[in-house]
Amino acid sequence: MRDVLPELVGWWREGRTVGLATVIATWRSAPRQPGAAMLLGPQGEAVGSVSGGCVEGAVYELAGEVVETGAPQLQRYGVSDDDALSVGLTCGGILDVLVESVSPESFPELGELADLVDAGEPVALATVVEHPDPAVVGRRVLVRQDEADQPTASLGSARMDAAIVDDARGLLEAGRNATLEYGPDGERRGEGMRVFVSSFAPAPRMIIFGAIDFAAAAARMGSFLGYRVTVCDARPVFATSTRFPDADEVVVDWPHRYLEAEAEAGRVDGRTVLAVLTHDPKFDVPLLEVALRLPEVGYIGAMGSRRTHDDRVARLREAGVSEDEIARLASPIGLDLGARTPEETAVSIAAEIISRRWGGKGAPLTRTAGPIHHEHASPE
């Protein structure tokens, strides 16, 4: 929902009613992940996407019905002989879509949600998408990361709230969206109630070390992929915002000292990407000593030739870095795309980050068999 939040909030603040369709679960080669959303605007505008074009028409029509009735609907879309080319997913996937009518009356918490997201504060939105009592479907609660901040609304009972808030905080910490199943009153071993948790965590970080031309291209790519990009270099003449307009911040500091301070402050986590482009031992060896020993980080890549890599690894071993720690390093950085220019190299680095994040092999799809996307368990 993050992608369509500005338009949704704009109409909400005008007192308009909008249809909101959200992917809450997927199986097999579904084209969009849980959390993808599409709006039906007050003048019939379509904003966003739930399937990359496969079922948008059907969802658009359903959203119109939901806006008229005000009753949310949960719809499953998949492939069948009858509807694969009309309202099915030709990619072979299956997805569940929740369609709701959103207005200031039906979603009074939206303003607070938008304010928290704008402020960069982690917040999760838990929505009941299925329940034996139709009156419970569509109830929402905002969940903040700090346990001292209690939800301002209730899903129906203290037991229900306690279970869902606890699980939502876990998903928020991981930056994940998921559909959870409980008993009708929040029983963890029960069934009958499904709750979709949409996490609005701050953007993941990409920290680029080395204020070189390749860093400028990597910063553009990182921003395009949705990262909050930092460029760090110890040389003030090179580390300037003018040279890196796509970076969210440019820091003048010794790389290892900056990373150490950021980690101690809790600003490096499992979603953080580190790109070491300095390829200078006096910078990158102390930096990698810190990086490779971090308990959580999503990706650590270092630029340089194979000779540079061999020299770097030898220096790391001399510094006492273990083989297991060195094995975390992606070096030489990037996938083998034959890249030459800074822009092509940035694509190569991004491709490796994406591949590692989702477990891809980095091989041409023409040389692989089976589903394009990761296999998920089939729905019952």
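Coordinates for the structure precede this section.
Our subject in this report is the structure included herewith. Bear in mind the structure is a predicted one, so any value in this text is a computation, not a measurement.

Relative orientation and spacing of two packed helices are given, respectively, by the angle between their axes and the distance between those axes. Running from N to C, helix α6 (residues 255-264) and helix α7 (residues 281-291) cross one another at 15 degrees; their axes reach a closest spacing of 8 Å. The angle between α6 and α7 places the two elements in the roughly parallel class. α7 is crossed by α6, and the crossing has right-handed handedness. From α6, P255, H256, L259 and E260 reach across to α7, where they touch F283, P286, L287, V290 and A291. Residue composition of the contact of α6 with α7, by class: seven nonpolar, one polar and one charged.

Attention now moves to a nonpolar patch on the surface. Residues F224, L225, I354 and W358 make up a contiguous nonpolar surface patch of roughly 430 Å² in combined accessible area. Examined against the element boundaries, W358 turns out to sit in helix α10 (residues 342-358). Owing to a relative accessible area of 42%, W358 belongs among the partly exposed residues under this scheme.

The residue I24 is located in strand β1 (residues 18-27) in this model. For the pair I24 and R357, spaced 333 residues apart in sequence, the C-alpha to C-alpha distance is 21 Å. With near-sequence residues (within four places) excluded, I24 lies in contact with P34, L74, D96, L98, V129, T179, R194 and F196.

So, on to the layout of surface pockets. Computed from the structure, the second largest pocket encloses a volume of approximately 420 Å³. Around the second largest pocket sit 14 residues that line it, and G304, P332, I333, L335 and S348 are the ones nearest its centre. Within the lining of the second largest pocket, the residues separate by chemical class into six nonpolar, six polar and two charged.

Counted by the stated rule, this structure contains two cavities of 30 Å³ or more. Its boundaries defined by the atoms lining it, the largest cavity holds a volume of some 110 Å³. As for the largest cavity, its lining consists of M1, L20, T22, G35, L98, E100, F107, L125, T127, R140, F196 and S198. Elements with a minimum of two residues in the lining of the largest cavity: β1, β5 (94-102), β6 (123-130) and β9 (193-200). Class assignment of the residues belonging to the lining of the largest cavity gives a composition of six nonpolar, four polar and two charged. By volume, the second largest cavity amounts to about 40 Å³. If you go around the second largest cavity, the residues you meet are M206, A218, M221, G222, A346, I349, A350 and I353. Of all the secondary-structure elements, those providing two or more residues to the lining of the second largest cavity are α5 (213-224) and α10. A per-class count over the lining of the second largest cavity returns seven nonpolar, one polar and no charged.

The subject of this paragraph is the sheet that holds strand β7 (residues 140-144). In space, the four strands of this open sheet follow the order β7-β6-β9-β8, with antiparallel pairing throughout. On the outer flanks of this sheet lie β7 and β8 (178-182), each paired with one strand and no other. On average, each strand axis in the sheet is tilted by 25 degrees relative to the strand beside it, whichever way the strands run. Pairing of β8 with β9, which is carried by five bridges, proceeds in the antiparallel orientation. Paired with Y182 across the strands is M193, a residue of β9.

Procedures and definitions
- Here the residue numbers are simple positions, counted from 1 along each chain's written sequence.
- It should be noted that, the model being predicted, local features are given only for residues of pLDDT at least 70 and side-chain atom pairs only at 80 or more, the latter also being counted only at that level, while totals for whole chains, interfaces and linings use all residues.
- Derived side-chain values reflect all non-hydrogen atoms in the structure, with water molecules and hydrogen atoms excluded from consideration.
- Angular values range over 0 to 180 degrees, each being the angle between N-to-C directions of two axes fitted as lines to C-alpha atoms, with helices fitted over their stretch in contact.
- Going along the chain from the N terminus, every DSSP run of H or I of four or more residues is numbered as a helix, and every run of E of two or more is numbered as a strand.
- Angle categories are assigned with fixed cut-offs, so that under 35 degrees is roughly parallel, over 145 is roughly antiparallel, 65 to 115 is roughly perpendicular, and the rest are oblique.
- Should the near helix be turned counterclockwise from the far one by less than a right angle, the crossing is left-handed, whereas a clockwise turn marks it as right-handed.
- Note on contacts: a residue pair qualifies if any of its non-hydrogen atoms lie within 4.5 Å across the two residues.
- Only Asp, Glu, Lys and Arg are considered charged in this grouping, and only Ala, Val, Leu, Ile, Met, Phe, Trp, Tyr, Cys and Pro are considered nonpolar; every other residue, Gly among them, is considered polar.
- Within this analysis, patches are made of residues with over 30% relative accessible area and no salt bridge. Like charges are joined at 9 Å or less; nonpolar side chains (Val, Leu, Ile, Met, Phe, Trp, Tyr) at 5 Å or less.
- To be clear on the numbers: accessible area is Shrake-Rupley with a 1.4 Å probe, and residue cover counts the displayed protein chains and nothing else.
- Each reported salt bridge corresponds to a side-chain nitrogen of Lys or Arg within 4 Å of a carboxyl oxygen of Asp or Glu.
- Exposed residues in this analysis have more than 50% of their type's maximum accessible area, buried residues have under 20%, and partly exposed residues fall in between, with area computed by a 1.4 Å probe over protein chains only.
- Definitions used throughout: a 1 Å grid over protein atoms alone; a cavity as a set of points that fits a 1.4 Å probe which cannot get out; a pocket as an open set with protein on both sides within 12 Å along at least five of seven lines; a lining residue as one with an atom within 4 Å of a point.
- Grid points are joined across faces, edges and corners, and a volume is the space filled by probe spheres set on the points.
- In this scheme, strands are said to pair when DSSP sees at least two bridges between them.

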